[in-house]
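Fold and geometry: a report
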Amino acid sequence: MAEDAAGVDETLLAELEAALADGAPGRVRARIGALHGADQAEFLRYLPPELRESFVDRLEDVLDPEFLSYVDEEFRADLVRSLGPERTATALANLETDDAIDFLEELDDAQQLQVLAALPLSERQEVEKSLQYAEDSAGRLMQRAFVALPDYWVVGQAIDYLRNHPELPDDFYDIYLVSPRFEPVGSIPLSMVLRSVRSTPLRQLRTKDLHLVHAHDDQEDVARTFRKYGLVSAPVVAERGRLIGVITVDDVVHVIEEEAEEDILKLGGVSESDTLRPLGSTIKKRQPWLVVNLATAILAASVIAQFEASIEAIVALAVLMPIVASMGGNCGSQTLTIMVRGLATGEITAANAGRVLRKELVVGVAHGTTFLVLGAIVSLVWFGYPELALVFGLALFVTLAFSALVGVLIPLALQRLKIDPAVASAVFVTTVTDVFGFFTFLGVATLVLL
């Protein structure tokens, strides 16, 4: 079986393409229907655009309803147009609340309203309640189906309740104990309940620490809480402490992956993954940052223009100048990467920012000292000009130390200004290190050599 890096069966993909192109997918229907919903969504991803609608239309009856929760965001609007609001709603009604919301929030307002109107009343009410919360909040992330029992029950009552109520979630990890006001007062792992004697009071089994998540908490904060305490699930409470939902670790894994991908793309000046987007959309989303880069490049070039006479007098300056800028940019990028990650994960805060700044400055000075010596030696061997070697080495030292400094200060300043450091830091750090490196090298060379 030939598979690519994503685990897609290439042989089956080729057969599927041929069958859909011929209008006769019957010969692969059984094999597609036997796949997990995530694998079915993968086949949709890798099909040519002109066959995706045919895939959904002709194989709808064998697709797992959970297929919808794995479909790429780029395809969801087209999928709703192919299925229609009613068939989409029928499939969404079979999903957990959080998965249904995840699908719906990527649709435009018109499509979202059409699908909501087609949902059964009970499901629609639950989904609409969650959609009232901010997009990246715990209220959107949670699922509203959970198991909550009075804390005065015993294990036997709990087990009988679980057996006799088929409407409970298909998968759950913890049982939450609640007060008469439906406030969570503890939780018990399901495995502990099953291993305990039937007469044991539930309050004797409850865990000591209950890590509550508030519905308005940001999903990144939720992910940090799960990682810090090694949680499998966590209860979500409303403003007055009433239990309204639960977040499970599978949802948090998705958040961690999503946030990491978002930060990586932003560092490259790309707002979101556009591998599968139309050509025009890709161009439109990437060009603004290229315009910003053009402006910053012109600024750096204007600094070089101020020293045109020096460069004409000593041609070696034009040879060595890009090295200074490149070394400064790389040093700044190293520090910037550490800072953006630290700020995103909460490792770097106002409390330890000063210590981080001092450490990175020492690292920059250490790098500068090393490359002062190496740069001077290389320049001396290359051009045989001791004064030029000294200037080049000093420029590397000052630029590397300064680059480490701005790699810390710029993301901290942007965060203080409520600007996402992952979006804007790279442009500013690159520009500042280039301008400073050119100015330092050419300025010192003008003073010393001319």
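Below is a short write-up of the structure. (Residues numbered from 1 in each chain as written. Predicted model: local features only at pLDDT ≥ 70, side-chain atom pairs only at ≥ 80, totals over all residues. Heavy atoms only, no water.)

1. As for the nonpolar core
Judged by nonpolar contacts, the single largest core of 39 residues is most densely connected at Leu 16, Phe 55, Phe 67, Leu 68 and Leu 92. Looking at which element gives the most residues to this core, the answer is helix α1 (residues 10–22), with five residues. Dropping the residues within four chain positions of it, Leu 16 is found in contact with Val 28, Ile 32, Phe 43, Leu 47, Phe 55 and Leu 59. (Core = buried A, V, L, I, M, F, W, Y, C linked by side-chain atoms within 4.5 Å. Buried < 20%, exposed > 50% of the residue type's maximum accessible area, 1.4 Å probe, protein only. Helix = DSSP H or I, 4+ residues; strand = E, 2+ residues; numbered from the N terminus. Contact = heavy atoms within 4.5 Å.)

2. Some words on the pattern of salt bridges
This model, assessed by the stated rule, comprises 14 salt bridges. Close ionic contact of Arg 45 with Asp 72 constitutes a salt bridge, the shortest N to O distance being 2.7 Å. Of the two residues, Arg 45 is situated in helix α3 (residues 37–46) and Asp 72 in the loop between α5 (67–70) and α6 (73–83); the sequence distance between them amounts to 27 residues. Among the residues examined, Arg 45 registers a relative accessible area of 25% and is labelled partly exposed. Of the charged contacts in the structure, one is a salt bridge between Arg 224 and Asp 221, with a shortest N-O distance of 2.5 Å. Here Asp 221 and Arg 224 lie together in helix α14 (residues 219–229), a separation of three residues that amounts to about one turn. The exposure class of Arg 224 is partly exposed, given its relative accessible area of 24%. The exposure class of Asp 221 is partly exposed, given its relative accessible area of 37%. (Salt bridge = Lys/Arg side-chain N within 4 Å of Asp/Glu carboxyl O.)

3. Considering the side chain of Thr 399
Positionally, Thr 399 belongs in helix α20 (residues 386–416). Classification of Thr 399 as buried rests on a relative accessible area of 1%. Sequence-distant contacts of Thr 399, that is, excluding residues within four places in its chain, are made with Val 324, Gly 328, Thr 433, Phe 436 and Gly 437.

4. A word on the environment of Ile 304
Here Ile 304 shows up in helix α16 (residues 279–305). Measuring from C-alpha to C-alpha, the distance between Ile 304 and Ala 318 comes to 9.6 Å, with 14 residues separating the pair along the chain.

5. Here we look at unusual backbone geometry
A positive phi angle, near 60°, is found at Phe 182, a position not held by glycine. Looking at the secondary structure, you find Phe 182 in the loop between β2 (174–178) and β3 (184–189). For Phe 182, a relative accessible area of 26% gives the class partly exposed.

6. Observations regarding helix α9 (residues 109–118)
Because the α-helix completes a turn every 3.6 residues, residues three or four places apart line up on one side. Among all positions of α9, only Gln 111, Gln 112, Val 115 and Leu 116 are buried. Down the axis of α9, the sector holding all buried residues measures 130°, keeping them to one side. Away from its buried face by more than 90 degrees, α9 exposes Asp 109, Leu 113 and Ala 117. Tucked inside the fold, the buried residues of α9 contact α6, α7 (85–92), α8 (97–104) and α10 (121–131). Put simply, Asp 108 is the residue that caps the front of α9, since its side-chain oxygen is 3.2 Å from the backbone nitrogen of Ala 110. (Arc of directions from axis to C-beta. Polar contact = N/O pair within 3.5 Å; in protein donor to acceptor, adjacent residues only side chain to side chain.)

7. Comments concerning the pairing of β3
Across five bridges, the pairing between β2 and β3 is antiparallel. When the bridges of β3 are listed, Leu 177 appears paired with Gly 186. The turn linking β2 back onto β3 is made up of five residues, and Phe 182 within it adopts a positive phi angle of 60°. (Pairing = 2+ DSSP bridges.)

8. Quick notes on the environment of Val 178
Inspection of the secondary structure assignment puts Val 178 in strand β2. Each C-alpha atom of the pair Val 178 and Cys 331 lies 54 Å from the other, and the pair is 153 residues apart in sequence. Discounting chain neighbours no more than four positions away, the residues touching Val 178 are Ala 148, Leu 149, Pro 150, Asp 151, Glu 183, Pro 184, Val 185 and Leu 243.

9. Some thoughts on the packing of aromatic side chains
The final tally for this structure, using the stated rule, is seven aromatic pairs. On the basis of an interplanar angle of 70° and a centroid distance of 5.8 Å, the ring pair of Trp 153 and Tyr 161 is categorised as edge-to-face. When its relative accessible area of 18% is taken as the criterion, Trp 153 is described as buried. On the basis of relative accessibility, which here comes to 24%, the residue Tyr 161 falls in the partly exposed class. Plain terms: the ring middles of Phe 402 and Phe 436 are 3.8 Å apart, the flat faces sit at 20° to each other, and that makes the pair stacked. Remark: Phe 436 occurs in helix α21 (residues 421–449) and Phe 402 occurs in helix α20; sequence separation between them is 34 residues. (Phe/Tyr/Trp six-rings, centres within 6.5 Å; stacked < 30°, edge-to-face > 60°.)

10. As for a negative patch on the surface
Negative charge collects at one region of the surface, where Asp 64, Glu 66, Asp 170, Asp 171 and Asp 250 lie side by side. Within the secondary structure layout, Asp 64 lies in the loop between α4 (49–59) and α5. Its relative accessible area of 30% is what places Asp 64 among the partly exposed residues. (Patch = residues over 30% accessible without salt bridge, like charges linked within 9 Å, V, L, I, M, F, W, Y side chains within 5 Å. Areas by Shrake-Rupley, 256 points an atom, 1.4 Å probe, with all protein chains shown as cover. Lys, Arg positive; Asp, Glu negative; His and termini not counted. Charge placed at Lys NZ, Arg CZ, Asp CG, Glu CD.)

11. Focus on the side chain of Asp 151
By secondary structure assignment, the location of Asp 151 is in the loop between β1 (148–150) and α12 (155–164). Overall, the relative accessible area of 15% leaves Asp 151 in the buried class. Setting aside residues up to four positions removed in sequence, Asp 151 forms contacts with Leu 177, Val 178, Val 185, Leu 202, Arg 203 and Arg 206.

12. What to know about the packing of α6 against α7
One can describe the packing of α6 onto α7 by two numbers: an axis separation of 6 Å at closest approach and a directional angle of 110°. Between α6 and α7, the angle is such that the two are roughly perpendicular. On the side of α6, the interface is formed by Val 80, Ser 82 and Leu 83, while α7 contributes Pro 85, Arg 87 and Thr 88. (Axes fitted to C-alpha atoms, helices over the stretch in contact; angles between N-to-C directions. Parallel < 35°, antiparallel > 145°, perpendicular 65-115°, else oblique.)

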